[in-house]
Amino acid sequence: MVITAWKDWSVHSVDGTFGILFGHRPYWWVQETMIYPNQSTPCLEQFPITCETGPGSPSGHAMGSSCVWYVMVTAALSYTVGQTNKSAVTLYRVTWSFLWSVFWIIQISVCISRVFIATHFPHQVILGVIAGMLVAEAFEHTPAIQTASLRTYIKTNLFLLISALSFYLILKLIDIDLLWSVPKAKKWCANPDWINIDTTPFAGLVRNLGALFGLGLGINSEMFIRSCKGKNGYKISFRILCIAASLATLQLYDFIKIPTHTEYLFYTLSFCKSAAIPLTVVALVPYCIHLLMKPTEKKLN
Ligand SMILES: O=P(O)(O)OC[C@H]1O[C@@H](O)[C@H](O)[C@@H](O)[C@@H]1O
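Residues numbered from 1 in each chain as written. Predicted model: local features only at pLDDT ≥ 70, side-chain atom pairs only at ≥ 80, totals over all residues. Heavy atoms only, no water.

- For the chain, the name recorded in an unreviewed UniProt entry is glucose-6-phosphatase, with Alligator sinensis as its organism.
- Looking at the chain in UniProt, the text filed under Pathway (unreviewed entry) is "Carbohydrate biosynthesis; gluconeogenesis." (UniProt positions renumbered as here; feature names shortened; annotations may be inferred.)

Structure follows, in structure tokens:
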């Protein structure tokens, strides 16, 4: 049904469904467009995760998924590259095909699910995947992220916050509301309980600022320097333990539910939670593993 609505959109609409920050979502677009005469509006089923409140183009989920998986796949492949003997070349080809197949299966699944629940038109998820890969590619070639000082991280955070707020206010002055999509979502969502403050553009901004700040704090912390930058940082066993412990610890964050009744409290706690996640993965977990490995090393000596 979304595909049918999409075809109708592509034939009739020039109203910005495509535009970044202004893309409509199918679940409200079908209700508001004038192209369906007398009760012929397609009936799009909604689900608890349909009622996203931000603009639909490009898809944030598709972008996040392709970005993260792109980084993981290219990082894994870089381990096998550079060897020239025949069996290493064959191993590289097999690994390459396997990892990229997994990558595309995951991206296609994400895209189909976003379209199926009527949050996106197909072109919006395709744009999301492409945008995510471009972001990953750009940041992979920016090694300064791993070495920047906390001061640089804080400055970047302030710059992003001020520029986003200024952009919002300037557009507001000329009568363009960047939060135009929130009332539409509230109006057309089948169940008011499915509207989540988590999905608003400001919530996304606060989460990203928190994550950036937490990362800056993490890589500039004594805990990170002593664990990851020390001797242990090069050991495979240390890395595997860090990955396993981080994955386990991150599950605990899912249990922390942020109260949504007061907006300022929600944004503040959301910032803290987002900062705590990279801080845990980059500094706290490696440092604990480092401390645990120390006594074992002493015994062996
Ligand atoms: O555009 P989509 O796929 O519906 O995803 C929206 C989500 O995109 C994420 O990137 C944002 O962090 C979330 O706040 C937002 O809810």
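Quick look at the state of the cysteines
1) Next: A full pass over the atoms with the stated rule returns one disulfide.
2) Next: Each disulfide pairs two cysteine sulfurs, and for C51 the partner residue is C189, the sulfurs being separated by 2.0 Å. One disulfide, between C51 and C189, carries an S-S torsion of 85 degrees and so falls in the right-handed class. Of this pair, C51 sits in the loop between α2 (26-32) and α3 (60-80) while C189 sits in the loop between α7 (181-188) and α8 (201-219); the two residues are 138 residues apart in sequence, bridging distant segments of the chain. Comparing C51 with C189, the two get one shared label, buried.
3) Next: A disulfide-free cysteine, C228 has its sulfur positioned 5.7 Å from the sulfur of C242, the nearest such atom.
4) Next: Under the relative-accessibility criterion, C228 is labelled partly exposed at 24%. (Disulfide = S-S within 2.5 Å. Helix = DSSP H or I, 4+ residues; strand = E, 2+ residues; numbered from the N terminus. Buried < 20%, exposed > 50% of the residue type's maximum accessible area, 1.4 Å probe, protein only.)

Quick notes on unusual backbone geometry
1) Next: Residues S57 and P58 are joined by a peptide bond in cis, for which omega reads -5 degrees.
2) Next: Inspection of the secondary structure assignment puts P58 in the loop between α2 and α3.
3) Next: Located in the positive-phi region is A118, a residue other than glycine, with phi close to 70 degrees.
4) Next: Note on placement: A118 falls in the loop between α4 (86-116) and α5 (122-140).
5) Next: Among the residues examined, A118 registers a relative accessible area of 1% and is labelled buried.
6) Next: Phi is positive for D175, which is not a glycine, with a value near 70 degrees.
7) Next: By the element assignment, D175 lies in the loop between α6 (150-173) and α7.
8) Next: Looking at D175, the relative accessible area reads 73%, which means it is exposed.

Concerning the UniProt feature "transmembrane region" (unreviewed entry) in the chain
1) Next: The residues that UniProt annotates with the feature "transmembrane region" (unreviewed entry) are residues 94-115, 121-139, 159-182, 202-224, 236-253 and 265-289.
2) Next: Structurally, residues 202-224 is divided into 91% helix and 0% strand, and its ends, taken at the C-alpha atoms, are 30 Å apart.
3) Next: Counted over residues 236-253, helix gives 100% and strand 0%. Its end C-alpha atoms are 26 Å apart.

Examining a nonpolar patch on the surface
1) Next: Residues L21, F22, F167, L173, I174 and I176 make up a contiguous nonpolar surface patch of about 570 Å² in total accessible area.
2) Next: Position of I174 relative to the elements: it lies in the loop between α6 and α7.
3) Next: Taking relative accessible area as the criterion, I174 reaches 55% and is therefore assigned exposed. (Patch = residues over 30% accessible without salt bridge, like charges linked within 9 Å, V, L, I, M, F, W, Y side chains within 5 Å. Areas by Shrake-Rupley, 256 points an atom, 1.4 Å probe, with all protein chains shown as cover. Salt bridge = Lys/Arg side-chain N within 4 Å of Asp/Glu carboxyl O.)

Quick notes on the site of the ligand
1) Next: Surrounding the ligand, one finds R25, E52, S59, G60, H61, R114, H120, D198, T199, G204 and R207.
2) Next: R25 is positioned such that a nitrogen or oxygen atom in its side chain is 2.9 Å from an oxygen atom of the ligand.
3) Next: The side chain of H120 places a nitrogen or oxygen atom 2.9 Å from an oxygen atom of the ligand.
4) Next: Of all the secondary-structure elements, those providing two or more residues to the shell around the ligand are α3 and α8. (Near = heavy atom within 4 Å. Polar contact = N/O pair within 3.5 Å; in protein donor to acceptor, adjacent residues only side chain to side chain.)

As for the layout of surface pockets
1) Next: Its volume calculated, the second largest pocket comes out at about 450 Å³.
2) Next: In terms of lining residues, the second largest pocket is bounded by 19 residues, among which T200, F202, V206, E263 and Y267 are the most central.
3) Next: Secondary structure elements with two or more residues in the lining of the second largest pocket: α6, α7, α8 and α11 (263-300).
4) Next: A breakdown of the residues in the lining of the second largest pocket according to their chemical character gives 14 nonpolar, three polar and two charged. (1 Å grid on protein atoms, 1.4 Å probe; cavity = no way out; pocket = protein on both sides within 12 Å on 5 of 7 lines; lining within 4 Å. Points joined across faces, edges and corners; volume = space filled by probe spheres on them. Nonpolar A, V, L, I, M, F, W, Y, C, P; charged D, E, K, R; others polar.)

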